[in-house]
Amino acid sequence: QKEVEQNSGPLSVPEGAIASLNCTYSDRGSQSFFWYRQYSGKSPELIMSIYSNGDKEDGRFTAQLNKASQYVSLLIRDSQPSDSATYLCAVILTGGGNKLTFGTGTQLKVEL
Amino acid sequence: GAVVSQHPSWVICKSGTSVKIECRSLDFQATTMFWYRQFPKQSLMLMATSNEGSKATYEQGVEKDKFLINHASLTLSTLTVTSAHPEDSSFYICSARGREAVKVADTQYFGPGTRLTVL
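What counts, and at which threshold
- Residues numbered from 1 in each chain as written.
- Chains lettered and ligands numbered in written order.
- Predicted model: local features only at pLDDT ≥ 70, side-chain atom pairs only at ≥ 80, totals over all residues.
- Heavy atoms only, no water.
- 1 Å grid on protein atoms, 1.4 Å probe; cavity = no way out; pocket = protein on both sides within 12 Å on 5 of 7 lines; lining within 4 Å.
- Points joined across faces, edges and corners; volume = space filled by probe spheres on them.
- Helix = DSSP H or I, 4+ residues; strand = E, 2+ residues; numbered from the N terminus.
- Pairing = 2+ DSSP bridges.
- Axes fitted to C-alpha atoms, helices over the stretch in contact; angles between N-to-C directions.
- Buried < 20%, exposed > 50% of the residue type's maximum accessible area, 1.4 Å probe, protein only.
- Salt bridge = Lys/Arg side-chain N within 4 Å of Asp/Glu carboxyl O.
- pLDDT = per-residue confidence, 0-100.
- Core = buried A, V, L, I, M, F, W, Y, C linked by side-chain atoms within 4.5 Å.
- Polar contact = N/O pair within 3.5 Å; in protein donor to acceptor, adjacent residues only side chain to side chain.
- Contact = heavy atoms within 4.5 Å.
- Buried area = accessible area lost by both parts, 1.4 Å probe.

A look at the layout of surface pockets
For step 1, the next point in the chain: What the largest pocket holds in volume is close to 650 Å³.
For step 2, the next point in the chain: Forming the walls of the largest pocket are 24 residues, and the residues nearest its centre are Ser40(A), Thr86(A), Gln38(B), Lys41(B) and Gln42(B).
For step 3, the next point in the chain: At four residues, the largest contribution of residues to the lining of the largest pocket is made by strand 11 (residues 106-111) of chain A.
For step 4, the next point in the chain: There is about 250 Å³ of room inside the second largest pocket.
For step 5, the next point in the chain: In terms of lining, the second largest pocket is formed by Glu3(A), Leu93(A), Gly96(A), Lys99(A), Leu100(A), Thr101(A), Phe102(A), Tyr36(B), Leu44(B), Met45(B), Leu46(B) and Glu59(B).
For step 6, the next point in the chain: Looking at the lining of the second largest pocket, the elements with two or more residues in it are strand 10 (100-102) of chain A together with strand 5 (45-51) of chain B.

If you want it as structure tokens, here you go:
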């Protein structure tokens, strides 16, 4: 089992729809979770972090964390073509020395 | 806030030469900097973790004598690819983590990356 798993996609959604990106992790003791967006040929850009169970909203983005089920998700409301990118889930694993462990990323395509 | 720069943004060099890449945190003090490498259509691969004033910690399989890392100050880390070969051609990305409150300090901010091409 991979430490951080994401569906590679591509996930295609129409413009204006809600895109739902999911991530599961293996370490039950993990406490810090991050979503990054990476456009092709560019470096990752932090979207948001989440540390507590529940939802955290920032503009069109909502991160959801469920530690009991060991998953974290990212919802993008009113998806725009400019949201088309690869979304990376990252987790700081316990005993990992505060290093980020990344999933392989989910490619999102927002279609006109 | 939390801006990280890298220089150069791209570099082309001949096989056997060395290339130095700089990573700077512009508006915060970075207690820890990380160096990643990313090949096309692959995920980020952590190469090493660097704490200011200490020797870098390399990930398994990364040659410390080939990828020299220096973190001499709280705002600057350098990666030197020594005797570069075509297989070292990749996208090298640094990230920095600050020293503020614990939760903020968890967060890594990435530089824009350096694309290295070795001929």
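Section: the sheet that holds strand 8 (residues 76-81) of chain B
All names here are of chain B.
For step 1, the next point in the chain: With antiparallel pairing, four strands are arranged side by side in an open sheet as 1-3-8-7. The open sheet has two free edges, formed respectively by strand 1 (4-7) and strand 7 (67-73), since each of these has just one partner strand. Looking at each pair of strands side by side, their axes are set apart by 15° on average, direction ignored.
For step 2, the next point in the chain: In terms of strand pairing, strand 7 meets strand 8 through five bridges, oriented antiparallel.

Digging into the environment of Asn22(A)
All names here are of chain A.
For step 1, the next point in the chain: Within the secondary structure, Asn-22 is located in strand 3 (residues 19-25).
For step 2, the next point in the chain: Taking relative accessible area as the criterion, Asn-22 reaches 46% and is therefore assigned partly exposed.
For step 3, the next point in the chain: As a C-alpha pair, Asn-22 and Gly-105 span 83 residues in sequence and 9.8 Å in three-dimensional space.

With respect to the pattern of salt bridges
For step 1, the next point in the chain: What the rule picks out here adds up to six salt bridges over all chains.
For step 2, the next point in the chain: Linking Arg60(A) and Asp83(A) is a salt bridge whose minimum nitrogen-to-oxygen distance equals 2.9 Å. In this pair, Arg60(A) is assigned in the loop between strand 6 (54-58) and strand 7 (61-66) and Asp83(A) in the loop between strand 8 (71-76) and strand 9 (85-92), connecting sequence segments 23 residues apart.
For step 3, the next point in the chain: Taking the shortest distance from any N to any O, the salt bridge between Asp88(B) and Lys66(B) comes out at 2.9 Å. One end of the pair, Asp88(B), is in the loop between strand 8 and strand 9 (90-98); the other, Lys66(B), is in the loop between strand 6 (57-58) and strand 7, with 22 residues separating them in the sequence.
For step 4, the next point in the chain: Assessed through its relative accessible area of 5%, Asp88(B) is described here as buried.
For step 5, the next point in the chain: For Lys66(B), a relative accessible area of 12% gives the class buried.

Looking at the confidence of the model for chain A
In low-pLDDT regions, the fine details of the predicted coordinates are not to be read closely.
For step 1, the next point in the chain: The predicted model of chain A has a mean per-residue pLDDT of 94, with 100% of residues at 70 or higher.
For step 2, the next point in the chain: By mean pLDDT, strand 10 of chain A is the weakest element of chain A at 91, and strand 7 of chain A is the strongest at 98.

Focus on the nonpolar core
For step 1, the next point in the chain: Grouped together as the largest cluster of nonpolar side chains are 25 residues, with contacts concentrated most on Trp35(B), Tyr58(B), Phe67(B), Ile69(B), Leu79(B), Tyr92(B) and Leu116(B).
For step 2, the next point in the chain: Those elements giving two or more residues to this core turn out to be strand 2 (10-13), strand 3 (19-25), strand 4 (30-38), strand 5, strand 7, strand 8, strand 9 and strand 11 (114-118) of chain B.

Concerning the side chain of Gln6(A)
Residues and elements named next belong to chain A.
For step 1, the next point in the chain: Note on placement: Gln-6 falls in strand 1 (residues 4-6).
For step 2, the next point in the chain: A distance of 2.9 Å separates a polar atom in the side chain of Gln-6 from the backbone oxygen of Tyr-87.
For step 3, the next point in the chain: A distance of 3.1 Å separates the side chain of Gln-6 from the backbone nitrogen of Gly-105, its partner in a polar contact.
For step 4, the next point in the chain: Among all residues touching Gln-6, those that are not within four sequence positions of it are Asn-22, Cys-23, Trp-35, Tyr-87, Leu-88, Cys-89, Gly-103, Thr-104, Gly-105 and Thr-106.

Things to note about the interface of chain A and chain B
For step 1, the next point in the chain: Listed per partner, the contact involves 18 residues of chain A and 21 residues of chain B.
For step 2, the next point in the chain: When chain A packs against chain B, close to 1400 Å² is buried across both sides, 54% of that on carbon and sulfur atoms.
For step 3, the next point in the chain: Considering only the surface of chain A that becomes buried against chain B, Ser43(A), Tyr51(A) and Lys99(A) emerge as the three largest contributors, covering 29% of it.
For step 4, the next point in the chain: Where chain A touches chain B, the interface holds one salt bridge.
For step 5, the next point in the chain: Between Lys99(A) and Glu59(B) there is a salt bridge, with the nearest N and O atoms lying 3.0 Å from each other.
For step 6, the next point in the chain: Taken together, the connections running from chain A to chain B amount to six residue pairs in polar contact (both at pLDDT 80 or more).
For step 7, the next point in the chain: Sorting the residues of the side of chain A that touches chain B by element identifies strand 4 (32-38), strand 9 and strand 10 of chain A as the ones contributing at least two each.
For step 8, the next point in the chain: Looking at which element gives the most residues to the side of chain A that touches chain B, the answer is strand 4 of chain A, with four residues.

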